[in-house]
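If you want the building blocks of each chain, they are given just below.
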Amino acid sequence: MTASTRRTVLSLYMRVFRIARSWPAQIGVVGDTETEKKYILHEASTLFRQNQQLTDPETIKRCVEECEARIEMGLHYRNPYPRAMHLPPLGLATQKGRKLRAQQRLRKQAKPVYLQSHDDS
């Protein structure tokens, strides 16, 4: 990882923690605020630890883009949780063989950048 990439990642990490420290829940309920703050901190630390061994510049760039997208969406919608993903037509049909693989490929292509780190389970 280059020095500039490292600086970018660390600044994003610190930005997430600053956002969590001053996060107000949308409704303003104290319990919801604390729950959302804990979620932000847990999600950030989990994903950053999960990706700390990455060395490929393209993969690191995708992770940085995902982090920036999630930050902007969270601040815009005042909701720290990932937004729902819209599936392509026939994305939930139970098929076997070729059709199933084609549907899985469509689902993977339809996955937005802010959900790339979440697995398909």
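Above this text is the structure in question.
Parameters and conventions
Within any chain, residue numbers begin from 1 and follow the written order of that chain's sequence. Selection of residues for local features in this predicted model requires a pLDDT of at least 70, selection of side-chain atom pairs for listing and counting requires 80 or more, and totals for whole chains, interfaces and linings are taken over all residues. Computation of side-chain values covers all heavy atoms of the structure but excludes hydrogens and water. We define a salt bridge as a side-chain nitrogen of Lys or Arg found within 4 Å of a carboxyl oxygen belonging to Asp or Glu. Runs of H or I in DSSP of at least four residues are treated as helices and runs of E of at least two as strands, each being numbered from the N terminus. Each residue is placed in one exposure class: buried if its accessible area under a 1.4 Å probe, protein chains only, is under 20% of its type's maximum, exposed if it is over 50%, and partly exposed if it falls in between.

Asker: Explain the pattern of salt bridges here, please?
Answerer: Any two side chains of opposite charge can pair if their charged atoms end up close together. Summed over all chains, the structure comprises two salt bridges. With a shortest N-O distance of 3.0 Å, glutamate 72 and arginine 15 are connected by a salt bridge. With glutamate 72 in helix H3 (residues 57-77) and arginine 15 in helix H1 (residues 3-21), the pair connects residues that are 57 residues apart, well separated along the chain. Given a relative accessible area of 42%, glutamate 72 falls into the partly exposed group. Taking relative accessible area as the criterion, arginine 15 reaches 27% and is therefore assigned partly exposed. Arginine 70 is paired through a salt bridge with glutamate 43; the nearest N and O atoms lie 3.2 Å apart. With a gap of 27 residues between them, arginine 70 in helix H3 and glutamate 43 in helix H2 (residues 30-50) connect regions that are remote in the sequence. The exposure class of arginine 70 is buried, given its relative accessible area of 16%. Given a relative accessible area of 13%, glutamate 43 falls into the buried group.

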